[in-house]
Amino acid sequence: MAAGATMYTFDVTLSDVDRGVYEQFTLRAARHPSETDAFMLTRVLAFCLEYEEGIAFSEGISQAEEPAVLVRDATGAITAWIEVGAPDAARLHFGSKLADRVVVYTHRDPAKVAAQWDGKKIHRSDAIRLISFTPGFIDEARPALERRNTATVSLVESRLYLELNGTAVDAEVLAQPAQ
């Protein structure tokens, strides 16, 4: 855990009908002082919506060579590079060369995030997916965030239903190619 980080715990019930993933797990997320609640909540949702065997949070800002969330196979090789926020083109280029699948989850305006990549060299840029949510969704959920959280995350036909500590919000999950 990074110095000065605050630990958050999420007891998650996940029902991803779109992918046929149904799990219950406890997720511990270290929030660095420079990380906003919106970023951390987006990171947790990225973990849930990409959940599969081998998924983990990276070491965070102390490990610049890894994304916010990654998936490793049984040999330790990175198979999915999952960024959060608005990563620069160089990080996406690096991740796309390293992993079979690259996804970016953002709580920001996806058009502005994608615009920063225009004209930049990004390996397999056409295969990178940019995921966002209905505007205002993260801001609606954020006040319910506590150090110890109970979350139900359901995805049905690209509609995300989140119950966080008794507060229910929903949003459309918007996916588009990165470029």
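Now for a quick tour of the structure. (Residues numbered from 1 in each chain as written. Predicted model: local features only at pLDDT ≥ 70, side-chain atom pairs only at ≥ 80, totals over all residues. Heavy atoms only, no water.)

**Re the environment of H32**
Put simply, the rule reads: Only runs of H or I of at least four residues qualify as helices and only runs of E of at least two qualify as strands under DSSP, and these elements are numbered from the N terminus. Under this definition, polar contacts are N or O atom pairs within 3.5 Å; protein pairs additionally need one hydrogen-donor-capable and one acceptor-capable atom, and for neighbouring residues in sequence, both atoms have to be side-chain atoms.
Inspection of the secondary structure puts H32 in the loop between β2 (21-31) and α1 (37-49). Side chain to side chain, H32 and S34 meet in a polar contact 2.9 Å long.

**Some words on the pattern of salt bridges**
Short version of the rule: Note on definitions: salt bridges are taken to be side-chain nitrogens of Lys or Arg within 4 Å of carboxyl oxygens of Asp or Glu. Partly exposed residues are those whose accessible area sits between 20% and 50% of the maximum for their type, while under 20% is buried and over 50% is exposed, using a 1.4 Å probe and protein chains only.
Tallied over the entire structure, the rule returns eleven salt bridges. With a shortest N-O distance of 2.9 Å, R91 and E83 are connected by a salt bridge. Of the residues examined, E83 reaches a relative accessible area of 4% and is grouped as buried. If you follow the salt bridges from partner to partner, you end up with E50, E52, R101 and R129 in one network.

**A short note on the sheet that holds strand β10 (residues 167-177)**
To keep it simple, the criterion reads: Here, any two strands with at least 2 DSSP bridges between them count as paired. Only the contacting stretch of a helix is used when fitting its axis, a line to C-alpha atoms as for every element, and angles between N-to-C directions run 0 to 180 degrees. Here a residue-residue contact requires only that any non-hydrogen atoms of the pair lie within 4.5 Å.
The strand order β2-β1-β8-β9-β10-β7-β6-β5-β4-β3 describes an open sheet built from ten strands, whose pairing is mixed. At either margin of the open sheet sits one strand with a lone partner, and together these are β2 and β3 (55-57). Here the average twist between neighbouring strands, direction ignored, is 25°. Where strand β9 (residues 159-164) and β10 come together, six bridges link them in antiparallel fashion. Across the sheet, residue L160 finds its bridge partner in β10, namely A171. Strands β5 (78-84) and β6 (101-105) of the sheet are contacted by helix α2 (residues 89-98), whose axis makes an angle of about 160° with β5.

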